[in-house]
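# Topology and contacts: notes
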Amino acid sequence: MIEFKNLTKRFDKVVAVDNLCLDIKQGTVLGLVGSNGSGKSTLLRMLSGVFAPDEGEILLDGESLFDNPAAKGKCYFIPDFPYFYNSSTIENTAALLRDIYPNWSEFQYEKYCSMFPIDRNGRIINMSKGMQRQAALILALSTCPDYLFLDEIFDGLDPVVRHLLKKILIEHVLEHGMTVIIASHNLRELEDLCDRVCLMHRGKVLMERDIDSLRLEFRKVQVAFNQVPNVPDLFAGINVVNVWRNGNVFNVTIRGTEAEFMPQLNALNPAYISAMPLTLEEIFISEMGAAGYDTNNIV
């Protein structure tokens, strides 16, 4: 289990992570999403021990993570730009990691080297972006970590490799109880893989929820009128996240179930009404808009 307790990280006057509190249970696949500069990568770098918190602490299975080699041995972090030395190959990097990670598996190493079509003796810096990420994945998965942290891991991977990666991660979670945290802007990929999602903005957590329950919580509703009712607040009493109007047609994002809001909408005598679940991307846009992150105000 991972516990973030009042975690804060500053860079000069910029507060990248602001008094963040969050618990992540063992065996969870958590999607970390948010606006640019929301603190996602900084949070992962603190998890990996690259950055020390300015305030608060991170507990891994009840132990402080920073400056704790035993706890770090349970973790592996692939940053958004994996770093390798000029002479690094998969083979010589594997030789280094064998002595660092107590759970290193030679069986897993050979397995993933055969699954990903990469020359294990080729210089990694000469490879394409996608191949470098595959090299990083081979090495990460071979350490058999209890906790795997991934930053924009899908970037540069072709559809076949993305599908393979998701299959491998699910297998590790189901068979070994591995906990995975993935920071990504590719919400479609996260929707297929994650069981929970954490939405960050300006260093804070806006929400952290189970994805299935999150889908049920929001609806996108289109309501059309022959004549718009002359009332002060058309959607009074309904938990509306945002409204977009085009003439007599209203597109409304509502937090709640149809059983909760449909009676009130039907009482307005609309000519047409429909309600559908939101995708994760639509939920993200709605919540960010409610938090003041409105693309219409960005020039």
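Residues numbered from 1 in each chain as written. Predicted model: local features only at pLDDT ≥ 70, side-chain atom pairs only at ≥ 80, totals over all residues. Heavy atoms only, no water.

### Focus: the sheet that holds strand 5 (residues 63–64)
By way of backbone hydrogen bonds, the strands of a sheet pair with one another, either parallel or antiparallel. Rules: Paired strands are those between which DSSP finds at least two bridges. Runs of H or I in DSSP of at least four residues are treated as helices and runs of E of at least two as strands, each being numbered from the N terminus. The contact definition used throughout considers only heavy atoms, calling two residues in contact when any of these lie within 4.5 Å. Comment: axis = line fitted to C-alpha atoms, over the contacting stretch for helices; angle = value between 0 and 180 degrees taken between N-to-C directions.
Reading across from one edge, 2-1-4-5 is the order of the four strands in this open sheet, with antiparallel pairing throughout. Two strands close off the open sheet at either side, each with one partner strand: strand 2 (14–24) and strand 5. Of the strand pairs in this sheet, strand 1 (residues 2–11) and strand 2 are connected by seven bridges, and their pairing is antiparallel. Following the sheet pairing, F4 is matched in strand 2 by L22. Packed on one face of the sheet, helix 1 (residues 40–48) meets strand 1, strand 2 and strand 4 (55–60) and runs near 115 degrees to strand 1.

### A short note on the layout of surface pockets
Vacant regions in the atomic arrangement are exposed by a probe of water-molecule size rolled over the atoms. Under the convention used in this document: A pocket here means an open set of points on a 1 Å grid, computed over the protein atoms alone, that has protein on both sides within 12 Å along at least five of seven lines. A cavity is instead a set of points where a 1.4 Å probe fits but cannot get out; residues with an atom within 4 Å of a point line either one. Grid points are joined across faces, edges and corners, and a volume is the space filled by probe spheres set on the points.
There is about 740 Å³ of room inside the largest pocket. Counting only elements with at least two residues in the lining of the largest pocket, the list comes to helix 1, helix 2 (69–72), strand 6 (75–78), helix 3 (90–98) and helix 5 (129–142).

### Examining the sheet that holds strand 11 (residues 218–224)
The four strands are arranged 12-13-11-14 in an open sheet whose pairing can be described as antiparallel. The outermost strands of the open sheet, each flanked by one partner alone, are strand 12 (240–246) and strand 14 (272–277). For this sheet the average axis-to-axis angle between neighbouring strands, irrespective of direction, equals 15 degrees. Note: strand 11 against strand 14, six bridges, orientation antiparallel. In the sheet register, Q222 faces strand 14, and the bridge partner there is S274. Strand contacts of helix 9 (residues 258–266): strand 11, strand 13 (249–255) and strand 14, with the helix running at about 165 degrees to strand 14, the strand carrying the most contacts.

### Here we look at the pairing of strand 13
Strand direction decides the pairing type here: strand 11 and strand 13, joined by seven bridges, are antiparallel. Counted as the bridge partner of V223 is F250 from strand 13. The sheet contact formed by strand 12 and strand 13 spans six bridges and is antiparallel. Counterpart to V243 in the pairing with strand 13 is V252. Here strand 12 folds back onto strand 13, and the loop between the two strands holds two residues, one of which, G247, carries a positive phi near 70 degrees.

### Concerning the confidence of the model for the protein
Counted only if it meets this: On a scale of 0 to 100, pLDDT captures the predictor's confidence in every residue.
Averaged over the protein, the pLDDT score is 88; the fraction of residues at 70 or greater is 96%. Confidence over residues 295–299 falls short of pLDDT 50; this stretch has zero contacts with residues more than four positions distant or in other chains.

### Thoughts on helix 6 (residues 159–176)
Put simply, the test is: Between the first and last residue of a helix there are one fewer steps than residues, each counted as 1.5 Å, and that sum is the expected span. Only protein chains enter the accessibility calculation, which uses a 1.4 Å probe; a residue whose area is less than 20% of its type maximum is buried, one above 50% is exposed, and one in between is partly exposed. Whenever a nitrogen or oxygen atom comes within 3.5 Å of another N or O atom, the pair is scored as a polar contact, on the condition that within protein one atom can donate a hydrogen and the other can accept it, and that pairs from neighbouring residues in sequence are kept only if both atoms are in side chains.
Relative to the 26 Å expected for 18 residues at 1.5 Å per residue, helix 6 spans 26 Å between its end C-alpha atoms, a close match to the ideal helical length. The complete set of buried residues in helix 6 reads V161, L164, L165, K166, I168, L169, H172 and V173. Among the structural elements, strand 3 (29–34), helix 4 (106–115), helix 5, strand 7 (147–151), strand 8 (179–183) and helix 7 (187–193) are those in contact with the buried residues of helix 6. One side-chain oxygen at the N-terminal end of helix 6 lies 3.0 Å from the backbone nitrogen of V160; it belongs to D158. Following helix 6 by one or two positions, G177 adopts a phi angle in the positive range, close to 70 degrees.

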